[in-house]
Each structure stands twice: as C-alpha cells, then as structure tokens.
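So the chains spell out like this:
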Amino acid sequence: MFDCLLYPGGKPKALTLSYDDGVFQDVRLAEILRRYGVKCTFNLNSGLDSAGSWEFQGALVRRLDRSEWEEAYRGHEIAVHTRTHPHLEDLSPKELCAELWRDCRELEAHFGRPVEGMALPYGSWNSEVLDVIRKLGFRYCRTTESTRRFDPPGDFLLWGATCRHSDPQLPALADRFLKTGRELALFYLWGHSYEFDGDQNWDVLERFLEKTACRPDTWYASNGEICAYLTAARRLLTGEGFLLNPTDTDLWVRADGEALRVPAGEWMEL
C-alpha cells in the first residue's frame, strides 16, 4: 500500500539555503556550509563588478570578482539574481528580458553548466514579470516571503522560504523542524552573508547548523535539486496495487510502512 512520497534515500526531510548578491562574505559562508555538508544556492549579478563597495551596519561589503567565483562557490549551486539588481516591475519588456536572459547566459558561460533558477531582487514582481520568468524557462524563483512553515511550494516560480537567518524565530523553527513528523518537510533558509558581519552574529548560523546538519533523516540539497526532485515526484502515478514512475529520476516513497525506491521509468507492483 502506498503511504506517501519521500526525498532521495527514503528521507522525510530536506534542508536548502539561498544567499544573494555575490559578496565576499559568501566565501566564509560557503566554507562553513561545506564543513557541515550543507548545500546553498548563491544568486549572482553578472553585470555588477567588485569595484564598488558599501557598508552594512559598519561592515565593509564588496562583490566578489569573477576570478573568485569558481573557488568561492565550489560544491554549491549558482542562480540568477539579474544583471544589475533592479526592481523588475519598473522595467520595460526589453529591459526585463535583458536583465534575466543575459545574467543567465553569462553565468552559464562562466561556470560551464546550466543555470535554471533565480531569486527576485528586493522580492518585487508583478504579473508581467512572472510571465516573462515563466516564458524564459526558469524552473524556480525565490521571493522574499517568509512562510515560517515547512511546506514545499505549490508554485516553484513563487517560492517563499521558511525564514531569513535574521528571523528571531529561527531557533524555535529549527526545533520544530527537528520534531515534525510530517513527510516531505522542507526547511528553506535565506539571507545575505554580509548581514552576519554587520550584525556580528555568525554564531547564529553555526548554532542552526549544529542542530540541523548531519542528520540521517534529512536531505541536504540545493534549490535546483529540490525543485527537480519534487517536480518529478509530483508526476508519480499510483493506483490499487501499483506505482508508475514516468520520469527520468529515481523516486522514493513509503509503502506498507517501508521506504521504497521507484526507479526511473519503472512500473512497480505492490
């Protein structure tokens, strides 16, 4: 009997992170996450270089030079944050397409791999912006909404995170995530790494990871991996006594109380 969907390896939970703007504090963030075995999606602006800098609560902030990208983001995912970080709803159709399309193409050319997702600058959008994002073929798009829940998104092009790392409820949310018994629970954390320097609170991240990382019941994945897996999982066909996986992705379910892998393109009798 089919009970529910699970993440790869038969895991009921997943954790993903997303950080914006491509700043030099990302180097420290990415290294901490590698140490804990956690993946992040870093959202970059290909049209902004490292020449300019600014301050955030007394902390110096500068964007990474392109020559620093490869090592800084090793093992993590790269996504679009537009070329120059504008409010997208203020742009003409031509400007909007250029901001998204050119950022995607430049990032793909630099990293030599597909770039399939994005995060909205300032979290701002309207129906025209969303329509262009969809037509350009982006698979997911993160907003700045904090849901404070562990639900996978209904629409990956309007993907709200669980919370920012600056949310005062973060410790309580982490505890709730560890205790939840629901299947396909997803904790999505986002922010800007320069905030850790400005707020002098890198320990917030360390305490969060000490709780949530390296757990056998949790899948640690990039935004793109989460999107790709759940998109495939939603195509699983079930019926009396059978499972049919029509996708090219191995899927995992709980059936008769046991974790079961449903191979890509396979029919399984139950």
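Residues numbered from 1 in each chain as written. Predicted model: local features only at pLDDT ≥ 70, side-chain atom pairs only at ≥ 80, totals over all residues. Heavy atoms only, no water.

Quick word on the side chain of Glu 77
- Tracing the backbone through its elements, the reader meets Glu 77 in strand β6 (residues 77-80).
- No salt bridge is formed by the buried Glu 77; the nearest opposite charge belongs to Arg 113, separated by 7.6 Å.
- Among the polar contacts listed, one links the side chain of Glu 77 to the side chain of Thr 41, at a separation of 2.5 Å.
- Reaching out from Glu 77, the side chain makes a polar contact with the side chain of Ser 222 at a distance of 3.5 Å.
- If near-sequence neighbours (up to four positions away) are discounted, Glu 77 is found in contact with Cys 40, Thr 41, Phe 42, Tyr 140, Ser 222, Asn 223 and Gly 224. (Helix = DSSP H or I, 4+ residues; strand = E, 2+ residues; numbered from the N terminus. Buried < 20%, exposed > 50% of the residue type's maximum accessible area, 1.4 Å probe, protein only. Lys, Arg positive; Asp, Glu negative; His and termini not counted. Salt bridge = Lys/Arg side-chain N within 4 Å of Asp/Glu carboxyl O. Polar contact = N/O pair within 3.5 Å; in protein donor to acceptor, adjacent residues only side chain to side chain. Contact = heavy atoms within 4.5 Å.)

Brief notes about the sheet that holds strand β13 (residues 237-239)
- Strand order in the open sheet formed by three strands is β13-β14-β17, with antiparallel pairing between adjacent strands. Of all strands in the sheet, those with a lone pairing partner are β13 and β17 (267-269), marking the two edges. The sheet shows a mean angle of 10° between the axes of neighbouring strands, direction not considered.
- The pairing of β13 with strand β14 (residues 242-244) spans three bridges and is classified as antiparallel. Note that in β14 the partner of Thr 238 across the bridge is Leu 243. (Pairing = 2+ DSSP bridges. Axes fitted to C-alpha atoms, helices over the stretch in contact; angles between N-to-C directions.)

Overview of the packing of aromatic side chains
- Inspection of the entire model under this criterion finds 17 aromatic pairs.
- Summarising the aromatic geometry, the rings of Phe 56 and Tyr 194 are spaced 5.2 Å apart at their centres and angled 65° between planes, so their arrangement reads as edge-to-face. One end of the pair, Phe 56, is in strand β4 (residues 53-56); the other, Tyr 194, is in helix α6 (residues 194-199), and 138 residues separate them in sequence.
- Using a relative accessible area of 11% as the deciding quantity, one classes Tyr 194 as buried. (Phe/Tyr/Trp six-rings, centres within 6.5 Å; stacked < 30°, edge-to-face > 60°.)

Some words on the pattern of salt bridges
- As enumerated under the stated definition, the model contains 22 salt bridges in all.
- With a shortest N-O distance of 2.6 Å, Glu 108 and Arg 105 are connected by a salt bridge. Note that Glu 108 and Arg 105 are positioned in helix α3 (residues 93-111) at a spacing of three residues, about one turn of the helix.
- One salt bridge in this structure joins Glu 116 and Arg 139, with 3.6 Å as the shortest N-O distance.

Quick word on unusual backbone geometry
- Of note in the backbone geometry, Leu 184 takes a positive phi value of approximately 55° without being a glycine.
- Counting through the fold element by element, Leu 184 comes out in the loop between α5 (170-179) and β11 (185-191).
- With relative accessibility at 13%, the residue Leu 184 sits in the buried group.

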